[in-house]
Amino acid sequence: MKHISRTLDRELKKGSAELLILSLVEARARHGYEISKLIESRSGGRVRFKVASLYPLLYRLTATGRQVLAAQRDNWREFVEAIRRITGDEHA
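Residues numbered from 1 in each chain as written. Predicted model: local features only at pLDDT ≥ 70, side-chain atom pairs only at ≥ 80, totals over all residues. Heavy atoms only, no water.

## Description of the overall build of the protein chain
- Tallying secondary structure elements over the protein chain gives 4 helices and 0 strands in all.
- From first element to last, N terminus to C terminus, the protein chain shows the α and β order α-α-α-α.
- Counting the 92 residues in the protein chain, one finds 21% classified as buried.
- For the protein chain, the exposed surface amounts to about 7,100 Å²; the carbon and sulfur share of it is 57%. (Helix = DSSP H or I, 4+ residues; strand = E, 2+ residues; numbered from the N terminus. Buried < 20%, exposed > 50% of the residue type's maximum accessible area, 1.4 Å probe, protein only. Areas by Shrake-Rupley, 256 points an atom, 1.4 Å probe, with all protein chains shown as cover.)

Okay, here's the thing in structure tokens:
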């Protein structure tokens, strides 16, 4: 079961990395180290990325990047809401 949990954690991190980075560079440019530390501190230490793993995903936030960010935020909200409906107690 631990193997499945680690695999799921890894896949969730991989799927959320772009959204997290775009969210943190939306207001201003940031270095990879700063992004890594912000992710760790804002998540209370529950989400961590090695700085080296973030660099391939870093790019300037352009108009296209803003569209990607908006779409990814919508997708994550829908996903989280679906998970909440599945795991919530209203179905118990």
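## What to know about the packing of aromatic side chains
- With the rule as written, the count across this model stands at 1 aromatic pair.
- Between the aromatic rings of W76 and F79, the centroid separation amounts to 5.7 Å while the plane-to-plane angle is 80 degrees, which identifies the pairing as edge-to-face. Here F79 and W76 lie together in helix α4 (residues 63-87), a separation of 3 residues that amounts to about one turn. (Phe/Tyr/Trp six-rings, centres within 6.5 Å; stacked < 30°, edge-to-face > 60°.)

## Remarks on α4
- Across its 25 residues, α4 extends 36 Å between first and last C-alpha, which sits within 8% of the 36 Å expected from 1.5 Å per residue.
- Restricting attention to buried positions, one finds in α4 the residues G65, L69 and Q72. (Expected span 1.5 Å × (residues − 1).)

## Side note on the confidence of the model for the protein chain
- Looking at the protein chain, pLDDT values average 83 and 87% of them are 70 or higher.
- Mean pLDDT across the elements of the protein chain bottoms out in helix α1 (residues 2-25) (77) and peaks in helix α2 (residues 32-42) (94). (pLDDT = per-residue confidence, 0-100.)

## Focus: the nonpolar core
- A17, I21, L24, V25, I35, L38, I39, F49 and L54 form the largest nonpolar core, which has 9 residues in total.
- Secondary structure elements with two or more residues in this core: α1 and α2.
- Considering every element that reaches this core, the biggest residue donor is α1, with 4 residues.
- If near-sequence neighbours (up to four positions away) are discounted, L24 is found in contact with R30, I35, L38, I39 and R42. (Core = buried A, V, L, I, M, F, W, Y, C linked by side-chain atoms within 4.5 Å. Contact = heavy atoms within 4.5 Å.)

## Section: the pattern of salt bridges
- Throughout the structure, instances matching the rule amount to 8 salt bridges.
- Here R30 and E34 are joined by a salt bridge, their closest N and O atoms 2.8 Å apart.
- A residue is classified by how much of its surface remains accessible, and R30, at 18% relative accessible area, is buried.
- Ionic pairing is found between R48 and E40, a salt bridge with its closest N-O pair at 3.2 Å.
- Overlapping salt bridges, with partners in common, bring together R28, R30 and E34 in one network. (Salt bridge = Lys/Arg side-chain N within 4 Å of Asp/Glu carboxyl O.)

## Looking at the environment of S23
- On the secondary structure map, S23 appears in helix α1.
- Between the C-alpha atoms of S23 and L69, which are 46 residues apart in sequence, the distance is 7.0 Å.
- Apart from residues no more than four positions distant in its own chain, S23 is found in contact with L69 and R73.

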